[in-house]
Amino acid sequence: MLTSIAFSAKLKAIREFRGLTQKALGVQMGFDEKTADARIRHYEMGKITPKMQGMEKLVEILRVNIINFTVDESGSFEHIMQMFFWFDEIRPNTFNPIQLEKIPRKKDGKINPEHNEGDAVKYNDSDYWPSHAPMAIWLNDSTLNQFVREWMHRKQELSAGEITRAEYFEWKLNWPRTCDDCGKFEPSYKWRTKKLEELT
């Protein structure tokens, strides 16, 4: 089991997102009230990392998926998506998933002349794109494609004001339990604000 290098920063961001002080979180963890804030402060400074039992208690209190803090396998889809999500928190809009559209070949099997020439995939010039030509990576796995497509959908909802910044963060914190295949079914974790209010 691998513990994220950025555990301390993630813990602080999530604790603050949940509106908890270090002391309040420490008390809920079962630490003595006199030292509760110091124990959490040590976590957030990276001086110590909780053992698995403590990690499980943290995710229960903070209502997040444990994969925010630990992953079973480096390079797994869960690990890849968590890297995307947390990098998106540190440097918003650095990663921007896009959906490519396939241009079919001609009936004789030759490349359609509408197809982009060379190695480049063309994009429309707009304010959304940076001044420099961005690089893209295409994914050759249907499951990972589906995960990234839904992330793209959430980012579009955020940009359009259809979800709040808090809802977007909630969606990431509890992914993949928040997955709904872009609205095709109910996710196992209700992350939209209206549903969250019903839980509290």
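Here is what the cut-offs are and how they apply
- Residues numbered from 1 in each chain as written.
- Predicted model: local features only at pLDDT ≥ 70, side-chain atom pairs only at ≥ 80, totals over all residues.
- Heavy atoms only, no water.
- Helix = DSSP H or I, 4+ residues; strand = E, 2+ residues; numbered from the N terminus.
- Buried < 20%, exposed > 50% of the residue type's maximum accessible area, 1.4 Å probe, protein only.
- Contact = heavy atoms within 4.5 Å.
- Areas by Shrake-Rupley, 256 points an atom, 1.4 Å probe, with all protein chains shown as cover.
- Salt bridge = Lys/Arg side-chain N within 4 Å of Asp/Glu carboxyl O.
- Axes fitted to C-alpha atoms, helices over the stretch in contact; angles between N-to-C directions.
- Parallel < 35°, antiparallel > 145°, perpendicular 65-115°, else oblique.
- Left-handed = near helix turned anticlockwise from the far one by under 90°.
- Nonpolar A, V, L, I, M, F, W, Y, C, P; charged D, E, K, R; others polar.
- Patch = residues over 30% accessible without salt bridge, like charges linked within 9 Å, V, L, I, M, F, W, Y side chains within 5 Å.
- Disulfide = S-S within 2.5 Å.

**Overview of the overall build of the chain**
- Scanning the chain for helices and strands turns up 8 helices and 2 strands.
- Along its sequence from the N terminus, the chain presents helices and strands in the succession β-α-α-α-α-β-α-α-α-α.
- Looking at the chain residue by residue over its 200 residues, the buried ones come to 34%.
- In the chain, 60% of the contacts between residues at least 6 apart in sequence involve partners at least 24 apart.
- Taken as a whole, the chain presents about 13400 Å² of accessible surface, with 52% of it coming from carbon and sulfur.

**A closer look at the pattern of salt bridges**
- With the rule as written, the count across this model stands at 15 salt bridges.
- One salt bridge in this structure joins Lys-172 and Glu-89, with 2.5 Å as the shortest N-O distance. Of this pair, Lys-172 sits in helix H7 (residues 165-173) while Glu-89 sits in helix H5 (residues 77-90); the two residues are 83 residues apart in sequence, bridging distant segments of the chain.
- Relative accessible area serves as the criterion here: at 3%, Lys-172 is assigned to the buried category.
- A salt bridge links Arg-154 to Asp-180, with the shortest nitrogen-to-oxygen separation between them at 3.3 Å. Here the residue Arg-154 occupies a position in helix H6 (residues 142-159), and Asp-180 occupies one in the loop between H7 and helix H8 (193-199), the gap between them amounting to 26 residues.
- Each member of the salt-bridge network shares a partner with another, and the members are Asp-88, Glu-89, Lys-155, Arg-165 and Lys-172.

**Things to note about the packing of H6 against H7**
- H7 packs onto H6 with a crossing angle of 165° between their chain directions and a minimal axis gap of 9 Å. Regarding the angle of H6 to H7, the classification is roughly antiparallel. Of the two possible hands of crossing, H6 and H7 adopt the one that is left-handed. Contacts between H6 and H7 pair Glu-150, Trp-151, Arg-154, Lys-155 and Leu-158 from the former with Arg-165, Tyr-168 and Trp-171 from the latter.
- Taken together, the residues of the contact of H6 with H7 sort by class into 4 nonpolar, no polar and 4 charged.

**Description of a nonpolar patch on the surface**
- Together, Ile-98, Leu-100, Val-121 and Trp-138 make up a nonpolar patch on the protein surface, roughly 450 Å² of accessible area in all.
- Along the chain, Trp-138 falls in the loop between H5 and H6.
- In this structure Trp-138 comes out as exposed when scored by relative accessible area, which is 65%.

**Observations concerning the state of the cysteines**
- Here the structure, examined in full by the defined rule, presents 0 disulfides.
- Of all cysteine sulfurs in the structure, the one in Cys-182 sits closest to Cys-179, which takes part in no disulfide; the separation is 9.1 Å.
- Owing to a relative accessible area of 13%, Cys-179 belongs among the buried residues under this scheme.
- Assessed through its relative accessible area of 26%, Cys-182 is described here as partly exposed.

**Digging into unusual backbone geometry**
- For the bond from Trp-175 to Pro-176, the omega torsion is 5°, close enough to zero to count as cis.
- The phi dihedral of Asn-93 is positive, around 65°, even though this residue is not glycine.
- When you line up the elements, Asn-93 lands in the loop between H5 and H6.

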